[in-house]
Amino acid sequence: MTLFLQLDFAALLAAVMACLACGLLGNLLLLTRQSLLGDAVSHAVLPGLVLGFAVTGTRATLPMVLGAMVAAVAAALLIALVRRLARLEAGAAMGVVFSGFFALGLVMMELTGARAVDLDVDCVLYGQLEALIWPAATGPASLLDPAALAELPVETRILAGVLALVVAGLALLWKELRLVAFDPGFAASIGFAPRRISLVVLVLVSVACVAAFWAVGSILVIAALVAPPAIARLLTDDYRRQFLFSALAALAMGGGGHGAAIGVPALLGLEFGLNAAGMMAVVAALMLAAAWTASPLRRRVNSATASPRDLQPTASIR
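Computed from a predicted structure; not experimentally measured.

Trainee: Where do I start with the overall build of the protein in this structure?
Mentor: Secondary structure assignment for the protein yields 15 helices and zero strands. Counting every position in the protein, which comprises 318 residues, the buried fraction comes to 46%. When contacts within the protein are restricted to residue pairs at least 6 apart in sequence, long-range pairs at least 24 apart make up 73% of them. For the protein, the accessible area works out to roughly 15400 Å², and carbon and sulfur atoms hold 68% of it.

In structure tokens form, the structure reads like this:
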């Protein structure tokens, strides 16, 4: 038990919390057809990473994460501004902003000399779950020991704070988010501010993406944002169950992916391990296939008596 807590617990906890934070917010993106926002944000963090290094002169996790969060939030706000002023559709605005931010990051790397320093690109792309260890753990009692918990990796503690922020935001704005997602015009007519609420969602998504990519990598953040909500959407058209099912899918994605990265090589007799973040995406894909197999929509599609109207997905969630 002690060995598990020292070597695997922090990584498992980070994987689950990353998938939960992104998966819960992904429901709002899926329902408003903005699922690629996470991809845009994950590409836009490069100037923030370079800025964090330039200001502190070190590759310490906290300043680089804070810099990445600043860049991600700025990118999200700029996407909203470009959409509003230039009247571009969401995909075009995201493409313009994230490519511009990525190019800015490359320029900043040259100007600050960061290119000469190893910024650990592999960790940025694929995450560093395997590097998250908890040497201070001495047994199950450490789970209740404040001193031992304070020694958890900083990435895990950041993810815990972000997950708490996401859950609190969803709880406080539950009705408003539901209304804005399905009928922003009506929301505005009864006194809500759809644009302000959308900005809050953008900021939350940006913060969650940055915190998660440090664990699962920028390439696979999009899987954590899209897969759990998509799995839930195939299984239900109820708003509350959508969030519940996506949370369960996120738990299975994070925990199952981490477990598969350890168990599959051992099962196959391999002498090398598998990347945990990659296995999380594989597990998500398998769950998505299983959800499609059991989906009510699939049964309607395969029904010999289904009419063309029956084959259309529901327009909104009840």
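From this point, the discussion proceeds with the structure in view.
Trainee: Help me understand the UniProt feature "transmembrane region" (unreviewed entry) in the protein in this model?
Mentor: Look at the UniProt record and you will see "transmembrane region" (unreviewed entry) annotated at residues 12–31, 61–81, 88–109, 158–174, 211–231, 243–268 and 274–294. The straight-line gap between the two end C-alpha atoms of residues 12–31 is 29 Å; of that span, 100% is helix and 0% is strand. Secondary structure across residues 274–294 comprises 90% helix and 0% strand; the distance between its end C-alpha atoms is 29 Å.

Trainee: In this structure, what is going on with the environment of Ile133? I would like to understand it.
Mentor: Relative to the helices and strands, Ile133 resides in the loop between α6 (121–126) and α7 (146–149). Look at Ile133 and you get partly exposed, because its relative accessible area is 38%.

Trainee: I'm lost on the confidence of the model for the protein in this one. Help?
Mentor: Any segment with low pLDDT has predicted coordinates that should not be analysed in fine detail. Across the protein, the average pLDDT comes to 78, with 86% of residues at 70 or higher. Contacts for the low-pLDDT stretch residues 310–315, under 50 throughout, to residues beyond four places or in other chains number eight contacts.

Trainee: Can you help me understand helix α12 (residues 221–235) in this one?
Mentor: Working note: α-helix, 3.6 residues per turn, so residues spaced by three or four point in the same direction. With 15 residues, α12 extends 23 Å between its outermost C-alpha atoms, agreeing within 8% with the 21 Å of an ideal straight helix rising 1.5 Å per residue. Of all 15 residues in α12, 12 are buried; the element is thus mostly enclosed. Buried within α12 are the following residues: Val221, Ile222, Ala223, Ala224, Leu225, Ala227, Pro228, Pro229, Ala230, Ile231, Ala232 and Leu234.

Trainee: It is not clear to me how the packing of aromatic side chains should be interpreted in this structure. Could you clarify?
Mentor: Each pair of aromatic rings is reported with the distance of its centres and the angle of its planes. All chains considered together, the criterion is met by four aromatic pairs. These aromatic residues form a ring-pair network of at least three members: Trp174, Tyr239 and Phe243.

Trainee: Even after reading the chapter, I still don't get the packing of helix α1 (residues 2–31) against helix α13 (residues 239–268), so can you show me in this structure?
Mentor: Any two packed helices are characterised by how steeply their axes cross, that is the angle between the axes, and by the distance between the axes. Orientation of α1 relative to α13, taken along the N-to-C sense of each, is 145°, at an axis distance of 8 Å. Where α1 crosses over α13, the handedness of that crossing is right-handed. In the contact of α1 with α13, the residues fall into 17 nonpolar, seven polar and one charged.

Trainee: Can you walk me through the environment of Leu5 in this structure?
Mentor: By secondary structure assignment, the location of Leu5 is in helix α1. Once the C-alpha coordinates of Leu5 and Ile133 are considered, the two residues, 128 residues apart in sequence, prove to be 8.2 Å apart. Apart from residues no more than four positions distant in its own chain, Leu5 is found in contact with Ala10, Trp134, Ala137, Gly139, Pro140 and Leu143.

Trainee: What exactly am I supposed to notice about the packing of helix α3 (residues 46–56) against helix α5 (residues 90–112) here?
Mentor: It is at 7 Å that the axes of α3 and α5 come closest, and there the two elements cross at 25°. With respect to their mutual orientation, α3 and α5 come out roughly parallel. Crossing angle aside, the handedness with which α3 passes α5 is left-handed. Note on element contacts: α5 touches α3 through Phe101, Phe102, Leu104, Gly105, Leu106, Met108, Met109 and Thr112, opposite Leu46, Pro47, Val50, Leu51 and Ala54. In the contact of α3 with α5, the residues fall into 11 nonpolar, two polar and no charged.

Trainee: I would appreciate a short explanation of the environment of Ala11 in the present structure.
Mentor: Mapped onto the elements of the fold, Ala11 is located in helix α1. Under the relative-accessibility criterion, Ala11 is labelled buried at 2%. Apart from the residues within four sequence positions on either side, Ala11 is in contact with Leu129, Leu132 and His258.

The rules behind the values
- Residues numbered from 1 in each chain as written.
- Predicted model: local features only at pLDDT ≥ 70, side-chain atom pairs only at ≥ 80, totals over all residues.
- Heavy atoms only, no water.
- Helix = DSSP H or I, 4+ residues; strand = E, 2+ residues; numbered from the N terminus.
- Buried < 20%, exposed > 50% of the residue type's maximum accessible area, 1.4 Å probe, protein only.
- Contact = heavy atoms within 4.5 Å.
- Areas by Shrake-Rupley, 256 points an atom, 1.4 Å probe, with all protein chains shown as cover.
- UniProt positions renumbered as here; feature names shortened; annotations may be inferred.
- pLDDT = per-residue confidence, 0-100.
- Expected span 1.5 Å × (residues − 1).
- Phe/Tyr/Trp six-rings, centres within 6.5 Å; stacked < 30°, edge-to-face > 60°.
- Axes fitted to C-alpha atoms, helices over the stretch in contact; angles between N-to-C directions.
- Left-handed = near helix turned anticlockwise from the far one by under 90°.
- Nonpolar A, V, L, I, M, F, W, Y, C, P; charged D, E, K, R; others polar.
- Parallel < 35°, antiparallel > 145°, perpendicular 65-115°, else oblique.

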